[in-house]
Amino acid sequence: MSTQNYHHVELKIESGELHRGFTCTAPEDAPCRSRPKDTLLESWSSEEATETGHQCWAVEWVEAVGIEDSIRSYPDRILASVAVDISYEEGVNIEPITPDLTPSELAVVTRFGIHEDQEDKS
């Protein structure tokens, strides 16, 4: 079973406003993009015959209720933390710091969720 995570919550600035979204980058044959061959079924089990290539059902679920109502966490728990660079030029500027990481390291950093800090081994 793959541990690759294709589902992410995204925060981006568009036209000076913060926008939140949910994306799926899974390939066409991923389980989240499979549907029963019988299109009249509203739900299905792993025993049902499915076909791939559909829109991700997780995206459909999140869009149906909205991103704010989809995210659940324990009170006061940080969901993600991004290193930033702060500067001042005609106002405060905050820019994310993008380190040079290998693709596998970048996947861990960009994965949505809580990450345990590695112990300092020095």
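Residues numbered from 1 in each chain as written. Predicted model: local features only at pLDDT ≥ 70, side-chain atom pairs only at ≥ 80, totals over all residues. Heavy atoms only, no water.

Draft legend 1. Structural view of the side chain of Arg 33. In this fold, Arg 33 is placed in the loop between strand 2 (17-24) and strand 3 (35-36). Nearest to the buried, unbridged Arg 33 among oppositely charged side chains is Glu 28, at 4.9 Å. Leave out the neighbours within four places in its chain, and Arg 33 touches Ala 26, Pro 27, Glu 28, Glu 51, Thr 52, Gly 53, His 54, Gln 55 and Cys 56. (Helix = DSSP H or I, 4+ residues; strand = E, 2+ residues; numbered from the N terminus. Buried < 20%, exposed > 50% of the residue type's maximum accessible area, 1.4 Å probe, protein only. Lys, Arg positive; Asp, Glu negative; His and termini not counted. Salt bridge = Lys/Arg side-chain N within 4 Å of Asp/Glu carboxyl O. Contact = heavy atoms within 4.5 Å.)

Draft legend 2. Molecular detail of helix 1 (residues 57-65). Among all positions of helix 1, only Ala 58, Val 59 and Val 62 are buried. End-on, the buried residues of helix 1 take up no more than an arc of 100 degrees, which puts them together on one face. For helix 1, the exposed residues lying more than 90 degrees away from the buried face are Trp 61 and Ala 64. Those residues of helix 1 that are buried lie in contact with strand 1 (7-14), strand 2 and helix 2 (67-70). Backbone geometry just after helix 1 places Gly 66 at a positive phi near 95 degrees. (Arc of directions from axis to C-beta.)

Draft legend 3. Highlighting the pairing of strand 6 (residues 92-96). For strand 6, the buried fraction is low: 0 of the 5 residues fall into the buried class. Direction of pairing for strand 5 (residues 84-88) relative to strand 6: antiparallel, over a ladder of 5 bridges. Bridging from a neighbouring strand, Ser 87 pairs with Asn 93 of strand 6. Where strand 5 folds back on strand 6, the antiparallel hairpin that results is connected by 3 residues, among which Glu 90 adopts a positive phi of roughly 60 degrees. (Pairing = 2+ DSSP bridges.)

Draft legend 4. Representation of unusual backbone geometry within the structure. With a phi angle near 55 degrees, Ser 15 is a residue other than glycine that sits in the positive phi range. Here Ser 15 shows up in the loop between strand 1 and strand 2. Unusually for a residue other than glycine, Glu 90 sits at a positive phi of about 60 degrees. In this structure, Glu 90 sits in the loop between strand 5 and strand 6.

Draft legend 5. Region of interest: the nonpolar core. In this structure, Ala 26, Ala 30, Cys 32, Cys 56, Ala 58 and Val 59 together form the largest nonpolar core, which totals 6 residues. Other than its neighbours up to four places away in sequence, Cys 32 contacts His 7, Cys 24, Ala 26, Gln 55, Cys 56 and Trp 57. (Core = buried A, V, L, I, M, F, W, Y, C linked by side-chain atoms within 4.5 Å.)

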